[in-house]
Amino acid sequence: ARPPDSTCTPAAAGAGVRLVPLSGEHAAFVCRLYADPQVMRHLGGPRDEASAAALVRQALAASRDGSVQRLWIILDSATRAPIGVAGLTRKDNTETELGLLLAGDRQARGHGQATIRALRTEAAGFAPGSFLVARHEPGNHAMARLLASLGFKPSPTSADGTLCWRDPGNVGHKGCRS
């Protein structure tokens, strides 16, 4: 079953977002995100057209039934223009990881905060009782600031070297799994 649309509008004017389940109609936009050097600078660099298209096909297939992964296209709530992609991936019965890719011109404008707030709401229904975590590369200081601004707390680093954060509502959680 596809997840319903979600809307989250923060206090900052103009930074509202709407999350719409990812579908094939969004493939071209997502491919552009994967090919954008600014967006992908902390994710292994931009992808060529073929590998970006393969990633989109994998994402669509993985999120089709919504039981392990749910992906959304992020729309600007004022213009309805696509501005990014967000997702939740159930790692096991105790941990759910959030993911976020925003177009370069939409970064540092409140859209990330609004999206993560919406993902928190979605996570409660998607994986009740699961701990919400986020990971990022050590050099991604903007993501670290974003997560800290929302109250996420640093956790032990993953075995692969990525930095881990836990949602503050996850009392007693030991950190990110590898």
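Residues numbered from 1 in each chain as written. Predicted model: local features only at pLDDT ≥ 70, side-chain atom pairs only at ≥ 80, totals over all residues. Heavy atoms only, no water.

Draft legend 1. Region of the structure containing unusual backbone geometry. Phi angles above zero are rare outside glycine, and arginine 80 is one such case at about 65 degrees. Here arginine 80 lies in the loop between strand 3 (69-76) and strand 4 (82-90). (Helix = DSSP H or I, 4+ residues; strand = E, 2+ residues; numbered from the N terminus.)

Draft legend 2. Broad picture of the packing of helix 4 (residues 111-126) against helix 5 (residues 141-149). Taken N-terminus to C-terminus, the directions of helix 4 and helix 5 make an angle of 55 degrees; their axes are 10 Å apart at the nearest point. Considering the angle they form, helix 4 stands oblique to helix 5. For the element pair helix 4 and helix 5, the recorded crossing hand is right-handed. Contact residues: helix 4 offers Gly112, Gln113 and Ile116, while helix 5 offers Leu146, Leu147 and Ser149. (Axes fitted to C-alpha atoms, helices over the stretch in contact; angles between N-to-C directions. Parallel < 35°, antiparallel > 145°, perpendicular 65-115°, else oblique. Left-handed = near helix turned anticlockwise from the far one by under 90°. Contact = heavy atoms within 4.5 Å.)

Draft legend 3. Expanded view of the environment of arginine 135. In this fold, arginine 135 is placed in strand 6 (residues 131-136). In the structure, arginine 135 is positioned 26 residues away from glycine 161 in sequence and 9.7 Å away in space, judged by C-alpha atoms. At 3.1 Å, the side chain of arginine 135 forms a polar contact with the side chain of glutamate 95. Within the structure, the side chain of arginine 135 is placed 2.5 Å from the side chain of glutamate 97, a separation counted as a polar contact. (Polar contact = N/O pair within 3.5 Å; in protein donor to acceptor, adjacent residues only side chain to side chain.)

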